[in-house]
Amino acid sequence: MPSLDPRSDTVDAPEAILHEVFGYPAFRGQQQAIVEQVIGGGDALVLMPTGGGKSLCYQVPAIARHRQGRGVTIVVSPLIALMHDQVGALEEAGVHAAFLNSSLSSDDAQRVEREMMSGRLVLLYAAPERVTTLRFQAQLASLHERGLLSLFAIDEAHCVSQWGHDFREEYLQLSLLHERFADVPRIALTATADDHTRADMIERLSLHDARVFISSFDRPNIRYTLVEKDNPRQQLLRFIRDEHPGEAGVVYCQSRRKVEETAEWLVGQGVAALPYHAGLEAGMRQRHQDRFLREEGLVMVATIAFGMGIDKPDVRFVAHLDLPKNIEGYYQETGRAGRDGAPADAWLTYGLADVVNQRRMIDESPAADEFKRVQRGKLDALLALAEAHDCRRVRLLAYFGEASGPCGNCDNCLTPPRTWDGTEAARKLLSGIYRFWQHGQQRFGAGHLIDVLRGRQTDKVAQYGHHSLSTFGVGADLSETQWRAVLRQLIALGHVVAEGEYGTLGLTESARAVLRGEVSIVLKEAIEPAARRGAAGRTVRAARASAHEADMDTACLGRFQALKRWRADVAREHNLPAYVVFHDATLADMARAAPRSLDDLSGISGVGAKKLDAYGQAIVDLLGAL
Ligand code: ADP
Ligand code: ZN
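This text gives an overview of the structure that appears in the document. Worth saying up front: this structure is predicted, and the values here are computed from it rather than measured.

## Digging into the pairing of strand S4 (residues 123–126)
The two faces of S4 match: Leu 123 and Tyr 125 on one face and Leu 124 and Ala 126 on the other face are all buried. Where strand S2 (residues 72–76) lies against S4, four bridges are found, and the strand directions are parallel. Residue pairing for S4: Val 76 is matched across the bridge by Ala 126. Where strand S3 (residues 97–100) meets S4, four bridges bridge the pair, whose relative direction is parallel. Bridged to Ala 98 within S4 is Leu 124. Handedness of the crossover is the feature at issue here: the chain leaves S3, passes through helix H5 (residues 106–117), returns alongside S4, and the resulting connection is right-handed.

This is the structure we're talking about:
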């Protein structure tokens, strides 16, 4: 008889399942505590960042409880498009799993239902709209009567909250799972951290008795870099070529048009890139997503329509060519990089125009004033992050209520920016804005202000008689780039606002103290375009191989590449993404260890019993023949 004690050393012990089925040596973070809570029959609410390893938190209990004879785990997931690959990954690991959704033929659906009703199935994935149908509820009731309804896992549980942008009406009805099947444990999982959403999940899913597991939201393997815009396409190209040649990544742009233009341009530069946005025909969108998931080293240029549910683990970078709306959006989007835990980059380029643009979009939106006020506050927080001279991660985590110390893995930690006393410059700039107002009760944008400060005789200067202002020419000592940097930082500090269609500049209450010389201002040194392109610039690094290849010698590299080719063939044959067969990290470990026997191979992380059985001999033979 299988034991009911989750700690005992039997086939249903969580560690045993982790080793045998998934081939992993140890649980990460709170996984073990979560798994034990659920195997023991308790409810759990799991808040873990993307890439934290949420899936194992319900998959291991599902397997353990199935081995105890408790039947089927129902996984509620909104992401129909991903069910196929998730189920494929489980079957690859030797776990009997299936999904029910509208993509199945009725024959296939009936077959899956039979497997479910017999209790043979370990996990069944279904969308919430199916789970709440009368037919499905009757099936659950029948399973329940026979003691074969093991566990409910509610993935992306934040969809129950109207606060976020992923709200799904059907999630609200999931409370009936608890009402009808009160003795069946439930685990709800999400990567959304804020208090509001948490309270909603507990309330709406009746999780009052659930143990809440909150992990740190830090993603230590992601390196944050935010650079000033200066020919952003070239900057992007250099970033991809220098840091991520041939690797998979996502480039976010704000508009559909920019997505298409950028993708086309990258292709012209020899980068394998595809566009993705909501305006593309559905079939093409699907094809592009499939290719991104299945092929290696593709760059997806996308709007934020390309988002939730990209669970490709080996996305090596997320780049932003435009400013996201707020820090929540930035963190969610960058979080799609490096789910496998290997080094990854979050890279963003931004300029004054982005700030003005985002601000204008808020100003012009039809939303209520209170909502706009909140949005502006959030944009300001993002801007402060972009202009920060200190650790980016400390600021990001602080935004989510987590205290931390300098991380050593962001641009500011790695190369602390040089600062200078910008008090005088700030006063000049602020008085520039003030004098415009005094002179003609008018506001102007950044370009004209900088022309006046630098004493340039433009048509506009002549037209408004601005050469007679006391501020005309007082800033000839700084370059245009430097003035733009000063202005951005003063906006980030909240002394200046840029508003309306043209981003006209105005002073805030706090500008007074600066004008009076009561506050001193420390500014980050602007990096001149020329310097940035020079060999000394930190953004220019020697081209490097992928993170996994960095420490490999030629023989090892040869093995790694042979393994990748082998994997590509297997993936194609099984119609699955390559990472479902083995992760890059697992192949890299194999290449390093060069195992000569199945026994050697079984010790490598990511090689479970089923995969060893299915592929072990082929791999040993392949490596032996090299
Ligand atoms: P999430 O759903 O939280 O974003 P996943 O469940 O997709 O994260 O896990 C992210 C990656 O980490 C997956 O590729 C998974 O196989 C891997 N992983 C999870 N837990 C472990 C572990 N204990 N040891 C090794 N790898 C793990
Ligand atoms: Zn840092």
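## A closer look at the sheet that holds strand S5 (residues 149–154)
The seven strands lie next to each other as S3-S4-S2-S5-S6-S1-S7, forming an open sheet whose pairing is parallel. Of all strands in the sheet, those with a lone pairing partner are S3 and strand S7 (211–214), marking the two edges. On average, adjacent strands in this sheet sit at an angle of 20° to one another, irrespective of strand direction. Each of S2, S3 and S4 touches H5; the most contacted strand, S3, lies at about 130° to it. Most of the contacts of helix H9 (residues 195–204) go to strand S1 (residues 44–47), to which it runs at about 160°, and overall it touches S1, strand S6 (186–190) and S7.

## Remarks on empty space enclosed by the protein
To locate leftover empty space, one rolls a probe as large as a water molecule over the atoms. Taken as a whole and assessed by the stated rule, the structure comprises two cavities of 30 Å³ or more. In this model, the second largest cavity occupies a volume close to 30 Å³. Taken together, the elements giving at least two residues each to the lining of the second largest cavity come down to helix H12 (282–294) and helix H25 (578–581). A breakdown of the residues in the lining of the second largest cavity according to their chemical character gives three nonpolar, no polar and seven charged.

## Comments concerning the site of ligand 1
With respect to spatial proximity, 15 residues lie near ligand 1, and among them Tyr 24, Gly 51, Ser 55, Arg 339 and His 583 are the closest. Measuring from a nitrogen atom of ligand 1, one finds a backbone N or O atom of Ala 26 at 2.9 Å. Take Lys 54: an N or O atom from its side chain is 2.8 Å from an oxygen atom of ligand 1. When ligand 1 sits alone it has 570 Å² of accessible area, and the protein chains cover 85% of it.

## Description of the pattern of salt bridges
Summed over the entire model, instances satisfying the criterion amount to 38 salt bridges. The salt bridge partner of Arg 393 is Asp 218, with a shortest N-O separation of 3.0 Å. In this pair, Arg 393 is assigned in helix H16 (residues 392–399) and Asp 218 in the loop between S7 and strand S8 (222–228), connecting sequence segments 175 residues apart. A residue is classified by how much of its surface remains accessible, and Arg 393, at 4% relative accessible area, is buried. With a shortest N-O distance of 3.2 Å, Arg 373 and Glu 370 are connected by a salt bridge. Here Glu 370 and Arg 373 lie together in helix H15 (residues 369–387), a separation of three residues that amounts to about one turn. Judged by relative accessible area, which is 48%, Glu 370 ranks as partly exposed. If you follow the salt bridges from partner to partner, you end up with Arg 359, Asp 363, Arg 376, Arg 443 and Glu 499 in one network.

## Quick look at the coordination of the zinc ion (ligand 2)
Coordination of the zinc ion (ligand 2) by the protein involves Cys 391 (SG), Cys 407 (SG), Cys 410 (SG) and Cys 413 (SG), with metal-donor separations of 2.3 to 2.4 Å. Within one chain, the residues donating to the zinc ion (ligand 2) are spaced in sequence as C-x15-C-x2-C-x2-C. The buried category is assigned to Cys 410, whose relative accessible area is 0%.

## Describing the sheet that holds strand S9 (residues 249–252)
Read from one edge of the open sheet, six strands run S8-S13-S12-S9-S11-S10, paired in parallel fashion. Either end of the sheet is taken by a strand with one partner, and the two such strands are S8 and strand S10 (273–276). Looking at each pair of strands side by side, their axes are set apart by 15° on average, direction ignored. Here S8 runs beside strand S13 (residues 344–350); their pairing, made up of seven bridges, is parallel. Bridged to Arg 223 within S13 is Asp 345.

About the criteria used
Residues numbered from 1 in each chain as written. Chains lettered and ligands numbered in written order. Predicted model: local features only at pLDDT ≥ 70, side-chain atom pairs only at ≥ 80, totals over all residues. Heavy atoms only, no water. Buried < 20%, exposed > 50% of the residue type's maximum accessible area, 1.4 Å probe, protein only. Helix = DSSP H or I, 4+ residues; strand = E, 2+ residues; numbered from the N terminus. Pairing = 2+ DSSP bridges. Right-handed = clockwise from strand over helix to strand, strands pointing away. Axes fitted to C-alpha atoms, helices over the stretch in contact; angles between N-to-C directions. Contact = heavy atoms within 4.5 Å. 1 Å grid on protein atoms, 1.4 Å probe; cavity = no way out; pocket = protein on both sides within 12 Å on 5 of 7 lines; lining within 4 Å. Points joined across faces, edges and corners; volume = space filled by probe spheres on them. Nonpolar A, V, L, I, M, F, W, Y, C, P; charged D, E, K, R; others polar. Near = heavy atom within 4 Å. Polar contact = N/O pair within 3.5 Å; in protein donor to acceptor, adjacent residues only side chain to side chain. Areas by Shrake-Rupley, 256 points an atom, 1.4 Å probe, with all protein chains shown as cover. Salt bridge = Lys/Arg side-chain N within 4 Å of Asp/Glu carboxyl O. Donors = N, O, S within 2.8 Å, 3.2 Å for Na, K, Ca; no water.

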